Amino acid sequence: MVVAIDPGHGGYDEGIVYNSPDGNRISEKNVDLALALAMAADLRAGGAKVFLLRQADRYLGIYQRTRIASARRPALFLSVHLSSTAAFHIYVSLMPQAPVPPTPVPQAPPAPAAGTGAAATNTTAGQTGSLSGSSGQPTPQQQALRNYYQYRFRQRPYLPQSRDFASALEQSVTQAFPGKNVSYMEIPLPILDAMACPAVLLECPGPQFMDYTDPATVSGIARAVAGAIMTYGKE
Amino acid sequence: MKKRRSRSRTVFLPVLLFILAGGLAAGYLYLSGGYRIARPAAPEPQAQPEDSSYLKMYYPMGGFLQTEQRSVSPAIEDRRDAARDAINQYLAGPEGMTDPAIPSGAKLRRLYFGTNGVLYVDLSQEFKSNFHGDALTEYLLLKGFYESLISNVQGITDVMVLIDGRQIESIGGHILANRPLGELVPPNAAVSNAAIANTAGNGQ
Ligand SMILES: [Zn+2]
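The structure displayed is predicted, hence computed values, not measured ones.

(A) Spotlight on the confidence of the model for chain A. All names here are of chain A. Summary statistics for chain A give a mean pLDDT of 84 and a share of 78% for residues scoring 70 or more. Confidence over residues 103–109 falls short of pLDDT 50; this stretch has 25 contacts with residues more than four positions distant or in other chains. Within the model, pLDDT remains below 50 along residues 111–134, and this stretch shows 41 contacts once partners closer than five positions in the same chain are excluded.

(B) The arrangement of the sheet that holds strand β5 (residues 158–163) of chain B in detail. All names here are of chain B. Across the sheet, 3 strands lie side by side as β3-β4-β5; this open sheet has mixed pairing. Every interior strand has two partners, whereas the edge strands, β3 (108–113) and β5, have only one. On average, adjacent strands in this sheet sit at an angle of 20° to one another, irrespective of strand direction. Of the pairings in the sheet, the one linking β3 to strand β4 (residues 118–123) comprises 5 bridges and is antiparallel in character. Across the sheet, the residue bridging to Arg 110 is Asp 122, located in β4. Along the sheet face, helix α5 (residues 135–152) touches β4 and β5 and points at about 125° away from the line of β5.

(C) Structural context of the packing of aromatic side chains. Residues and elements named next belong to chain A. In the structure shown here, the tally under the stated rule is 6 aromatic pairs over all chains. Pairing Tyr 12 with Tyr 59 gives two aromatic rings, centres 4.7 Å apart and planes at 25°, and the pair type is stacked. On the criterion of sequence distance, the pair formed by Tyr 12 in the loop between β1 (2–7) and β2 (17–19) and Tyr 59 in the loop between β4 (49–52) and α2 (62–71) is long-range, its members being 47 residues apart. Classification of Tyr 59 by relative accessible area gives partly exposed; the value is 30%. A centroid spacing of 5.4 Å and a plane angle of 45° characterise the contact between Phe 88 and Phe 177, whose relative ring orientation is tilted. Here the residue Phe 88 occupies a position in strand β6 (residues 88–93), and Phe 177 occupies one in the loop between α4 (159–176) and β7 (182–187), the gap between them amounting to 89 residues.

So, how was this worked out
Residues numbered from 1 in each chain as written. Chains lettered and ligands numbered in written order. Predicted model: local features only at pLDDT ≥ 70, side-chain atom pairs only at ≥ 80, totals over all residues. Heavy atoms only, no water. pLDDT = per-residue confidence, 0-100. Contact = heavy atoms within 4.5 Å. Pairing = 2+ DSSP bridges. Helix = DSSP H or I, 4+ residues; strand = E, 2+ residues; numbered from the N terminus. Axes fitted to C-alpha atoms, helices over the stretch in contact; angles between N-to-C directions. Phe/Tyr/Trp six-rings, centres within 6.5 Å; stacked < 30°, edge-to-face > 60°. Buried < 20%, exposed > 50% of the residue type's maximum accessible area, 1.4 Å probe, protein only.

In structure tokens:
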């Protein structure tokens, strides 16, 4: 079983930033990576194969993450972030019941000189085969559209399993941190929408509510998450 | 002289009858309570000065979208004014909020009405660089922006955010912003009640 772990943010994208009273600047991107590395260590110790989307402080866009993770065909996907509150947040993707009809997409930001309005193409998702510029290379906007529809609904058949995985995670975290609230939410999250496997995004309490400079905090969360993954994997 | 007297009498009589009839009617209405119906019951809360208009805004606060009515002056003349005012009010953040989810320092650069009903809103880079929230906050930031514009600007069907004139993949790394927002923050995307209650209840 390959478990893909996605440490959130990275590079110039710091995520949540907290300046502690003792002068420490804590960036979410670093905490996310520390948590993901600790989870990976625990999972590997338990015999799982783990793939980390980043192992250093570097920027990855949402589509880049989607492509990298999908190429490894993981059995389970977990994105690791911090929340803005004192609670753990567990997210599962929210998908429309039927595919949404394709909407016209702007080919390029409108020209300021136009004054009255912006031009928009009639390009739709059903025409992805013709999405290329005059040179044969897709423009960045066309590539974005192609990416969007290529991955938009892959999560749908896995939603029940994702909810089960979220439930296992919720139980394990609640047991490990009884003083903390654990919230379950379903919102459209593109990184989860794109995964063809059970997929969850976990946000641990914000850095103003938990001391991530304490190694015990990081290892405690990692143990709880790895435990949930191992239990879910066995089931 | 005689002629003048008879003319003044013909004018005086109908006036007297009119005053008497008016007095009787007023007396009847007063005694029967009719005036109470005719009178406004209380000061009109919606009454607004002629030189101002109201906007219904949706702000992300504590895991929810909260609505706020904002007065803008001078009165909104057209949809471009409405769009500009709604965007500026949104960027200013909710009333009296010390830690708003709205990124500080963001400014409206330009706006365009697309031929496809999409309102293109070009914001300064602070809208992206000063956002440091979690996934729910980012979702509500975009959802609130979309709802605030759709509710106040006539004739638009969708809203697309540009940063410094460019399409961007995401504001905060969780939610896409590279397409019109209507599809990215759909109306059926509700956070579960339990989740909201928990999130709102444990901010400390
Ligand atoms: Zn994050």
